[in-house]
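Coordinates in review
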Amino acid sequence: MDLISSCMTAVLFAAGTFLILRRSPVDLVLGVALFSTGTILLLITIGGWDGENRAPLLQSGDSMRTLEDVVDAEEQSIEQQARYTDPLPQALILTALVIGFGMLSYLIALISRAEDAEGDDRSSGAGVGDPGS
Amino acid sequence: MNLLVLPVLIPLIAMTFCLFFGRSVRVQRFIAGAAGGALLPISFYLLHLAAGGETPVLRLGDWPGSFGIVFVLDRLSALMLVLAAVTQASTWWFACLGAVGLREERGWFHPLFLLLAAAVNWAFLTADLFNLFVSFEIILISSYVLLTLNADRFDLAETIRFVLLNAVAGMLFLAAAGLAYGRYGALNFADLALRVRLDDPTWISVSIGTLLLVVFAIKAALFPFFFWLPDSYPRAALGVLPYFAGMLTKVGVYCLFRVFTLVFRIETETWFSPLLLAIAGATMLFGVLGAVSRWSILHILSFHIISQIGYMIFGLGLLSPLGVASGIFYIAHHILVKSTLFLIGGYILIRIGSDELKKVGGLTRSEPLLSLLFLAVAFSLAGIPPLSGFYGKFGLAIDGVEQGRWIVVTISILTSLLTLASMLKIWTYVFWGEPTDCVVKPAGKAIALWPIVVMVLFSIAVAVFSGPLFALAESAALQLLDGGDYIHAVLGDEGLERFRSGEPIGKAGAP
């Protein structure tokens, strides 16, 4: 499973890079979207998903563990924890999704503004133009 | 040490208050100025603490070091906080004097600037990769908007390039942080430092390090990735440009200094150090060649940012106390001088209405004080001896020769000469000669010179007090290269013991 998702990540990164390098604005947006999907898939793979690990939630029968227990467990037994997927990569993914979505919508807005301005003679100046006064 | 949260919290709170007063630019100015003014004494006090040998640490929620969010202040981050506060205050002053158009200022200029400042301070204080990622994203989001505030005047193609490259860099950063976590089970710098050096095939840690190097190189505008900077910066709102020029790329430089001394120490010694030196040489050379070839003040100055960053990375690549100290001293000098130069460039653009070398001329007659100020910082940038730029370059050259890095030393001296040449180019075209039409009848509005005067005094003070300041840079470099203080601050006595003895902490690698 890890192998498949790793290969899939590589394909997504490659396709994203290819699309970003093209000139068309639509390709740009799609490229960024694929790139961020690739990143997220990579993080999911890092979190470990082999179909057997449980979600990191307390279920009936579990006892609440304090932080000291967790630290102890980290040093003592690996089997104890192996039943859970690691929650931290999922927290990373959540943040990445939010930021990625915001970025993508801003990029789309920017590109559509740039397209609107095309043909306007003010937009073709190569230099710096007038000050922000 | 709750004081550590203030450099982040004060601008954030001020930003929130600014949002309540969207209609009144005056109130927004006052709030932003009060926040900037409050940051100055706080950051100087923090520098005083750090210089005295303390390494204050703030554990949010009092979680143990490797689990929670931790803010750490060592000498380097304290120095960066002071420089950020000074640059922020002078840039705010410049903006309030009328460097920002009223329309832009109504378009949430002050809240965005405060958000940017909060995120920059956050990046200097945070002690883990993920918070660094988040602060980077906040820096970028606010700078995207600040870059496009006066966007209807220019085409947006350059801004799109800036957004695109930085978005990709952000995703690569996330991938690198995820890979580091997957391999070592930690995101905290101190924790990572303990685990990375125990990693046994080194190629894994080297490849994670390389990915981070690429990310920070994009942020810092290093050699193969600098092309986003020189054409997008001159388009930013003039009222925030000095802060952009002084601080944004330096956040990337700071991260390189932090990560490649503390976390990837062994990899840096064997693998990254020559690579960094090569990148530094190429960055200096290509940056300055770009500057020599341009014909407008802001474009020349933007290219100089790139070439100057080469010097800082040169210092990091040397990885000796003197080299890193010179690099840190150079960062301090560069931030003050570069933001002053951008204040001057912005002033000329506002007053005269143009910054094209061939259109503007004879400013010595109409603006004698400005000419004097420009001369002082321009020579300082080029590294003429009594001024502040000399000491960092001198230290780098001495250490480079001692380590036998002749090629990079030669490039750095050549770059200095070319820097001087391009500064003289600005001087001869813009300041000397007969006043041109647009100088005789300035199109723009009058604007006071005070922030520029104060910043020039600051950079002269750096030259006058170069002895104690270099001693501070040296102690910061020793602290960075040793790493013990940082690890002790985050992980306590036990962590420090393990760091010194080289034992593993916990098990490495979570899944």
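Computed from a prediction, not measured in an experiment: that's the story for all the values here. (Residues numbered from 1 in each chain as written. Chains lettered and ligands numbered in written order. Predicted model: local features only at pLDDT ≥ 70, side-chain atom pairs only at ≥ 80, totals over all residues. Heavy atoms only, no water.)

**Some remarks on the overall build of chain A**
Applicable threshold: Secondary structure elements are defined from DSSP: runs of H or I of at least 4 residues count as helices, runs of E of at least 2 residues count as strands, and each element is numbered from the N terminus. Buried means the residue's accessible area, taken with a 1.4 Å probe over protein chains only, is under 20% of the maximum for its type, while exposed means over 50%, and partly exposed covers the values in between. The contact rule is simple, with two residues in contact once any of their heavy atoms fall within 4.5 Å.
In terms of regular secondary structure, chain A is built from 5 helices and 0 strands. Seen in sequence order, chain A has helices and strands lined up from the N terminus as α-α-α-α-α. The proportion of buried residues among the 133 residues of chain A is 32%. Within chain A, counting contacts between residues at least 6 apart in sequence, those at least 24 apart form 66% of the total.

**Re the overall build of chain B**
Put simply, the test is: The globule rule is 2.2 Å times the number of residues to the power 0.38, and the radius of gyration it is compared with is taken over C-alpha atoms. The protein chains shown are the only cover counted for residues, whose accessible areas, like all others here, come from Shrake-Rupley with a 1.4 Å probe. Here Asp and Glu are counted as negative and Lys and Arg as positive; His is not counted, and neither are the chain ends. Where a charge lies is defined by one atom per residue type: Lys uses NZ, Arg uses CZ, Asp uses CG and Glu uses CD.
What chain B contains, in helices and strands, is 21 helices and 2 strands. In terms of C-alpha radius of gyration, chain B reaches 22 Å, essentially the compact-globule figure of 24 Å for 511 residues. For chain B, the C-alpha atoms occupy an extent of roughly 70 × 55 × 40 Å along the three principal directions. Looking at the 511 residues of chain B, the share that counts as buried comes to 66%. Total accessible area on chain B stands at roughly 16400 Å², and carbon and sulfur atoms take up 69% of it. Distance between charge centroids for chain B: 10 Å, based on 31 positive and 30 negative side chains.

**Observations regarding the confidence of the model for chain A**
Residue and element names in this part refer to chain A. This is how the line gets drawn: What pLDDT expresses is the predictor's confidence in each residue, scored from 0 to 100.
Confidence in the prediction of chain A, expressed as mean pLDDT, is 74, and 60% of residues score 70 or more. Model confidence for chain A, summarised as mean pLDDT per element, is weakest for helix α4 (residues 79-82) at 50 and strongest for helix α1 (residues 2-20) at 92. Ignoring residues within four places in sequence, the model shows residues 120-133, a span with pLDDT below 50, making 35 contacts including any to other chains.

**A short note on unusual backbone geometry**
Residues and elements named next belong to chain B. Here the phi dihedral of Ala-221 falls at roughly 60°; this positive angle occurs in a residue that is not glycine. Among the structural elements, Ala-221 can be located in the loop between α8 (202-220) and α9 (229-232). The class of Ala-221 is buried, set by a relative accessible area of 0%. The residue Leu-319 is not glycine, and still its phi comes out positive at about 55°. By the element assignment, Leu-319 lies in the loop between α12 (297-318) and α13 (321-352).

**Quick look at the pattern of salt bridges**
All names here are of chain B. Quick note on the threshold: Salt bridges are defined as contacts in which a side-chain nitrogen from Lys or Arg sits within 4 Å of a carboxyl oxygen from Asp or Glu.
This structure, assessed with the given rule, holds 8 salt bridges over all chains. Glu-269 is the partner of Arg-265 in a salt bridge, and the nearest nitrogen-oxygen pair spans 3.0 Å. Within this pair, Arg-265 and its partner Glu-269 are both found in helix α11 (residues 265-293), separated by 4 residues, close to a single helical turn. One salt bridge in this structure joins Glu-367 and Arg-351, with 3.5 Å as the shortest N-O distance.

**Examining helix α2 (residues 25-51) of chain B**
As a reminder, the rule being used: How far a helix is expected to stretch is found by multiplying one less than its residue total by 1.5 Å.
With 27 residues, α2(B) extends 38 Å from end C-alpha to end C-alpha; this agrees with the ideal 39 Å at 1.5 Å per step. At the exit of α2(B) stands Gly53(B), carrying a positive phi of roughly 105°.

**Some points on the packing of α13(B) against helix α15 (residues 368-382) of chain B**
All names here are of chain B. Rule in force here: Simply put, an axis is a line fit to the C-alpha atoms, just over the touching stretch for a helix, and the angle between two N-to-C directions goes from 0 to 180 degrees. Helix crossings fall into two classes, left-handed where the near helix is turned counterclockwise from the far one by less than a right angle and right-handed where it is turned clockwise. Residue type decides the class: Asp, Glu, Lys and Arg count as charged, Ala, Val, Leu, Ile, Met, Phe, Trp, Tyr, Cys and Pro as nonpolar, and the leftover types, Gly among them, as polar.
Interhelical geometry of α13 versus α15 gives an angle of 145° and a closest axis separation of 10 Å. Seen along the crossing, α13 lies across α15 with a hand that is left-handed. Along its contact with α13, which presents Tyr-330, His-333, Val-337, Lys-338, Thr-340, Leu-341, Ile-344, Tyr-347 and Ile-348, the element α15 presents Leu-370, Leu-373, Phe-374, Val-377, Ala-378, Ser-380 and Leu-381. Residues belonging to the contact of α13 with α15 are distributed by class as follows: 12 nonpolar, 3 polar and 1 charged.

**Quick look at the confidence of the model for chain B**
Residue and element names in this part refer to chain B. Here chain B shows a mean pLDDT of 88. Residues at 70 or above account for 97%. Across residues 505-511, where pLDDT falls below 50, the model places 24 contacts with residues more than four positions away in sequence or in other chains. For this predicted complex, the interface confidence reaches an ipTM of 0.82, while the overall pTM sits at 0.90.

**Here's the deal with a nonpolar patch on the surface**
Formally: Patch criteria: residues need more than 30% relative accessible area and no salt bridge. Like-charged residues are merged within 9 Å; nonpolar side chains of Val, Leu, Ile, Met, Phe, Trp and Tyr are merged within 5 Å.
The grouping of Leu9(B), Ile13(B), Phe17(B), Phe20(B) and Phe21(B) at the surface amounts to a nonpolar patch, some 490 Å² of accessible area in total. Tracing the backbone through its elements, the reader meets Phe20(B) in helix α1 (residues 6-20).

**Details of the nonpolar core**
All names here are of chain B. The cut-off we apply is this: In this text, buried Ala, Val, Leu, Ile, Met, Phe, Trp, Tyr and Cys residues form a nonpolar core when linked through side-chain atoms within 4.5 Å.
Residues Phe-216, Phe-244, Phe-257, Ile-328 and Ile-348 are the most contacted members of the largest nonpolar core, which totals 225 residues. Examining the composition of this core, we find that 19 residues originate from one element, α13, more than from any other. In this structure, Ile-328 is in contact with Leu-76, Leu-79, Phe-257, Ala-473, Ala-476, Ala-477 and Leu-480, ignoring residues within four places of it in sequence.

**Here's the deal with the side chain of Ser459(B)**
With respect to the element layout, Ser459(B) can be found in helix α19 (residues 450-464). Not counting the four nearest positions on each side in its chain, Ser459(B) is found in contact with Leu336(B), Val337(B), Val377(B) and Ser388(B).

**Points about the packing of aromatic side chains**
Residue and element names in this part refer to chain B. Put simply, the rule reads: Two aromatic rings, drawn from Phe, Tyr or Trp (for Trp, its six-membered ring), form a pair once their centres lie within 6.5 Å of each other, and the interplanar angle then sorts them: stacked below 30 degrees, edge-to-face above 60, tilted otherwise.
Under the definition given, this model contains 29 aromatic pairs over all chains. Plain terms: the ring middles of Phe-113 and Tyr-243 are 5.2 Å apart, the flat faces sit at 70° to each other, and that makes the pair edge-to-face. Within this pair, whereas Phe-113 is found in helix α4 (residues 102-125), its partner Tyr-243 is found in helix α10 (residues 241-263), the two being separated by 130 residues in sequence. Given the relative accessible area of 3%, Phe-113 is considered buried. A ring pair is formed by Phe-374 and Trp-427, whose centres lie 6.4 Å apart and whose planes are at 0°; its orientation type is stacked.

**A closer look at the side chain of Thr249(B)**
By the element assignment, Thr249(B) lies in helix α10. Among residues more than four places away in sequence, those in contact with Thr249(B) are Lys219(B), Ala220(B), Ala221(B), Trp228(B), Leu229(B), Tyr233(B), Phe244(B), Ile305(B) and Ile309(B).

**Some thoughts on helix α20 (residues 466-482) of chain B**
All names here are of chain B. With 17 residues, α20 extends 24 Å between its outermost C-alpha atoms, agreeing within 8% with the 24 Å of an ideal straight helix rising 1.5 Å per residue. Turning to α20, its buried residues number three or more, namely Ser-466, Phe-470, Leu-472, Ala-473, Ala-476, Ala-477, Gln-479, Leu-480 and Leu-481. Looking at the residues trailing α20, positive phi occurs at Gly-483, about 80°.

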